[in-house]
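Structural features, examined
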Amino acid sequence: METVDALLQATIRAGTPLLYAALGELVTEKSGVLNLGVEGFMLMGAVSGFIVTNITGSAFMGICVAAFVGFTMGTLYAFLTVEFALNQVVTGLAFVLGGTGLSGFLGKGYIGKTISQVPVWTVPVLGKIPVIRAFFTQDWLVYFSYLLFLLVWLVVKKTRIGMELSAVGENPRSADSAGISVYRYRFLASALGGALMALGGAHISLAYAPMWVENMTAGRGWIALVIVIFAFWDPLRALFGAYLFGGVSALQYRVQTLNIGVSPYILGMLPYLVTIGVMIFFSSERARRLLGAPSSLGKPYLREGEK
Amino acid sequence: MRKAGLLAVVLLAVALGFGLKVGFVYVGPVGDAGWSYAHDQGRQYLEKVLPGVETAYFESVPEGVEATVKLRQLAASGFELIYATSYGYMDSVLEVAKEFPNTIFMHCSGFKRAENVGTYFGRIYQADFLVGIVAGAMTKSNLIGYVAPHPIPEVVRGINAFTLGARLVNPNAKVKVVWVNAWFDPATEKEAALSLIEAGCDVIAHGQDSPAANQAAQEKGVWSIGYNTDMSKFAPESHLTAAIWNWGPLYVEITKSVMDGTWKSEDLWPGFEKGVVDIAPIHPAVPKSVVKLVETYKYLFQKGEYKVFKGPLYDNEGNLRVKEGEVMTDHEIWDMYWFVQGVEGSLPSSGE
């Protein structure tokens, strides 16, 4: 394969966990729920997917269980933040800590075990065209991420459900008076979003680097959070964002192999520098409005006269 | 703290009646297939060889306050000898050692000692030299990739020894280094390995705690070399051999010296002569003559008759660093922060 193709292929490979996680966060945030726990969700997805694949020998089962675990965690998250209206930042951080600890505990016996990884499959015809083939010589979970991206994009941008979802995130009171169930949307968005995040983790432990080690997502959950902001809550931009970060991480080793004299520390810092920059930008209310964050993001909705 | 000290003495007296109680503190989980796993193998060996010894361990103990707490807990419950097996435990060890003057502490890879604190490490670079020979003999493109964790002397030393081994049998071999700046991030390690394979490397070595680089090599059909433990089960067709730790014999020796009362605070840095380092079984595809050569050098290391870092040694910019006939001192080897000839890669200027 040509260098460009190989780089592109690596970009997509490295960007896929981020794409899953960013899509999950995007769906969640669209409904007005902020979930900072992405890292914890990804780790739980990675460990549960790995354990099930190791026991059953079927990566498909592993993927299903990972998604289910993410879905359950997302439901629990909604229960705490939507039903009980707990502080979303604190609850999100609790999910990071909880997910990290629990995944480490559950995975203890599985460190050093091997599985049959999700196989790479070359799409006929498309897998032969230069450049394009980089997208079509990937593992199954990558193809599935294309599909899910299309689905999220269609639903968010083109359907009534997407409009109602945005309404719930922008102004839950008006949405409520228009007869849209705010709670149902927020519950479902959190749960489905959680499932997507968990799939991102499962891509790492089942396809990218098929093994389990503690903390193996190594901060990718945080990068996914940044991508969503970067993308102004737009699925297409989230796709580009995920692949951009994937490209940076793929490129940094290739730049080193070309003997270009850039300190590895500077290169390794890149994602975090960007993270900090975006965080600073995001923390100002004006910038938030300018970016178009859902107006009620992070604010629990309580019906008047209830609770 | 005096109370705790008293308690320790009482418990110690009780413990002595039953034999020596030896505690271990690990930074990773015992099943990590890497660093902590290797130490735990050593602990199990110790228990088997010295029947009077009773051991216990704490795993996944982060460096910092938690390490201090765990060390104190061990010392307070009557453990007479405690092995702290991570560089970052250094200050915790010294702090707790002051509180428990009757407990002996051994700190792995550190350099600060006290009356009741000794340090130890192993010459893994000797094993790196041997696996380098295998890599040098097996490369066809004369380009060997090395996925490296952090640009620190410990790692640089290993890469240098590896390169010297490779060029011993193949003077045209070059070792291409990429830094991942992590001991442990399987996804990035794999990406780094793949980038080396794309750049034309047909043998991949690494200094990481996970076998991700070996997996990448297996997928792409090139050879690979493991580190820390035998990683062949992760890459059965690709895994040529590995530079591995074998702490058991050293743990037996140190523990014995504590039992006889001959222990003293010192720095131990043994290699093949004590069997602390070794290499994993060599892949059957490696020619017999190469295996013989490796065995010869291993034998020389065991007898202490071969030095890896001896002159003439040039750095990778062509400057003569060690003159003909000179041998680097342990101190120089310990601080080594330059690449030998044949390494392609750069070192960030250190802040020393």
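A brief structural summary.

Helix and strand content of chain A: 13 helices and 2 strands. Of all 307 residues assigned to chain A, the portion counted as buried reaches 57%. Carbon and sulfur atoms form 72% of the exposed surface of chain A, whose accessible area is close to 13,200 Å².

Residues and elements named next belong to chain B. Cis peptide bonds are those with omega within 30 degrees of zero, and the linkage from G311 to P312 qualifies with 0°. When you line up the elements, P312 lands in the loop between α10 (288–303) and β13 (313–314). Even without glycine at this site, S60 takes up a positive phi of about 50°. Residue position: S60 is located in the loop between β2 (54–58) and α3 (65–76).

The next point concerns the sheet that holds strand β1 (residues 21–25) of chain B. Paired through their backbone hydrogen bonds, the strands of a sheet run either parallel or antiparallel. Residues and elements named next belong to chain B. Across the sheet, 6 strands lie side by side as β2-β1-β3-β4-β5-β11; this open sheet has parallel pairing. In this open sheet, the two strands that pair with only one neighbour each are β2 and β11 (267–268). Here strand β4 (residues 104–108) runs beside strand β5 (residues 117–120); their pairing, made up of 4 bridges, is parallel. Note on β5: the bridge partner recorded for H107 is T119. Sheet strands in contact with helix α4 (residues 90–99) are β3 (81–84), β4 and β5, and its direction is about 175° off that of β4.

A separate point is the sheet that holds strand β8 (residues 203–206) of chain B. All names here are of chain B. As summarised here, the arrangement of the 7 strands in space is β12-β10-β9-β8-β6-β7-β15, forming an open sheet in which the pairing is mixed. With one partner strand each, in any of the chains shown, β12 (277–279) and β15 (343–344) form the two edges of the open sheet. In this structure, strand β6 (residues 143–148) lies alongside β8, joined through 4 bridges in parallel fashion. The residue of β8 that forms the bridge with Y146 is A205.

A word on the interface of chain B and chain A. Opposite the 35 residues of chain B that make contact, chain A presents 31 residues. Between chain B and chain A, a total of about 2,700 Å² is buried, with carbon and sulfur atoms accounting for 57% of that surface. Contact with chain A buries area across many residues of chain B, yet B:A187, B:E191 and B:E198 alone supply 19% of it, more than any other trio. Viewed at the interface, chain A and chain B are joined by 3 salt bridges. For the pair chain B and chain A, the interface holds 7 residue pairs in polar contact (both at pLDDT 80 or more). Top contributing element to the side of chain B that touches chain A by residue count: helix α7 (residues 186–198) of chain B, with 10 residues. Residue classes in the side of chain B that touches chain A are distributed as 18 nonpolar, 7 polar and 10 charged.

Rules behind the numbers
Residues numbered from 1 in each chain as written. Chains lettered and ligands numbered in written order. Predicted model: local features only at pLDDT ≥ 70, side-chain atom pairs only at ≥ 80, totals over all residues. Heavy atoms only, no water. Helix = DSSP H or I, 4+ residues; strand = E, 2+ residues; numbered from the N terminus. Buried < 20%, exposed > 50% of the residue type's maximum accessible area, 1.4 Å probe, protein only. Areas by Shrake-Rupley, 256 points an atom, 1.4 Å probe, with all protein chains shown as cover. Pairing = 2+ DSSP bridges. Contact = heavy atoms within 4.5 Å. Axes fitted to C-alpha atoms, helices over the stretch in contact; angles between N-to-C directions. Buried area = accessible area lost by both parts, 1.4 Å probe. Salt bridge = Lys/Arg side-chain N within 4 Å of Asp/Glu carboxyl O. Polar contact = N/O pair within 3.5 Å; in protein donor to acceptor, adjacent residues only side chain to side chain. Nonpolar A, V, L, I, M, F, W, Y, C, P; charged D, E, K, R; others polar.

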